Amino acid sequence: MSHQSRNYNSKHDPQRTKVYKAEYKIRGLFPVCQTQDEVLDFVSKVSEIAGEDAPKVIFTKASRWAWGNSYDRWIKLPDSTAARQINEASWAFNQCVIVHELAHVFTGGGHAHNGQFLET
């Protein structure tokens, strides 16, 4: 599935709002990776704990979005240059955000924030 296929319509993904509200409340409890290498190391460690192969991490110029793709097994995060340009370097490298995107990869299938996503 490509990023364009993600459906954020609450009718099709009723958990989305709840997931993001909870994530914003706890995001400050998670450390922020300072470099892209730290992100890669964190992804590797979380994948190992989850018993999964680490997905490919793609750093992109799209500075306002992060997403995970279960079919092709990748997550995309803004690269540090793109994030710094809008003074938001920490949001995408926050470990809570990275775990969220890894959950999309590890659940397989669609991108909904359903029970399987929450369990993962």
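Residues numbered from 1 in each chain as written. Predicted model: local features only at pLDDT ≥ 70, side-chain atom pairs only at ≥ 80, totals over all residues. Heavy atoms only, no water.

1. Looking at the pattern of salt bridges
Let me state the cut-off plainly: In the sections that follow, a salt bridge refers to a side-chain nitrogen of Lys or Arg positioned within 4 Å of a carboxyl oxygen of Asp or Glu. Each helix corresponds to a stretch of at least 4 residues labelled H or I by DSSP, and each strand to a stretch of at least 2 residues labelled E; elements are numbered beginning at the N terminus. Burial classes follow relative accessibility: with a 1.4 Å probe on protein chains only, a residue under 20% of its type's maximum area counts as buried, one over 50% as exposed, and anything between as partly exposed.
Evaluation of the coordinates by the stated rule reveals 3 salt bridges. The salt bridge partner of Asp 41 is Lys 45, with a shortest N-O separation of 3.1 Å. Residue Asp 41 and its partner Lys 45 are both found in helix 2 (residues 36–50); the two are separated by 4 residues, about one turn of the helix. Lys 45 sits in the partly exposed class, given a relative accessible area of 47%. For Arg 73, the salt bridge goes to Glu 52, with nearest N and O atoms at 3.6 Å. Within this pair, whereas Arg 73 is found in the loop between strand 2 (67–69) and strand 3 (74–78), its partner Glu 52 is found in the loop between helix 2 and strand 1 (56–60), the two being separated by 21 residues in sequence.

2. So, the sheet that holds strand 2
As a reminder of what qualifies: The pairing criterion for strands is at least two bridges between them, as found by DSSP. To get an axis, a line is fitted to the C-alpha atoms, and for a helix only the part in contact is used. The angle between two axes follows their N-to-C directions and goes from 0 to 180 degrees. Any two residues whose heavy atoms approach within 4.5 Å are treated as being in contact.
Here 3 strands make up an open sheet; going across it, the order is 1-3-2 and the pairing mixed. Because the sheet does not close on itself, it has two edges, and the strands there are strand 1 and strand 2. In this sheet, neighbouring strand axes are inclined to one another by 20° on average, regardless of whether the strands run parallel or antiparallel. In terms of strand pairing, strand 1 meets strand 3 through 5 bridges, oriented parallel. Looking across to strand 3, one finds that Val 57 is bridged to Ile 75. Strands in contact with helix 2 are strand 1 and strand 3; relative to strand 1, the strand with the most contacts, it is inclined by about 155°. Each of strand 2 and strand 3 touches helix 5 (residues 95–107); the most contacted strand, strand 3, lies at about 155° to it.

3. Structural notes on the pairing of strand 3
Within strand 3, 4 of the 5 residues are buried, which leaves it mostly tucked inside the rest of the structure. Hairpin connection from strand 2 to strand 3: 4 residues lie between these consecutive antiparallel strands, with Arg 73 at a positive phi of about 55°.

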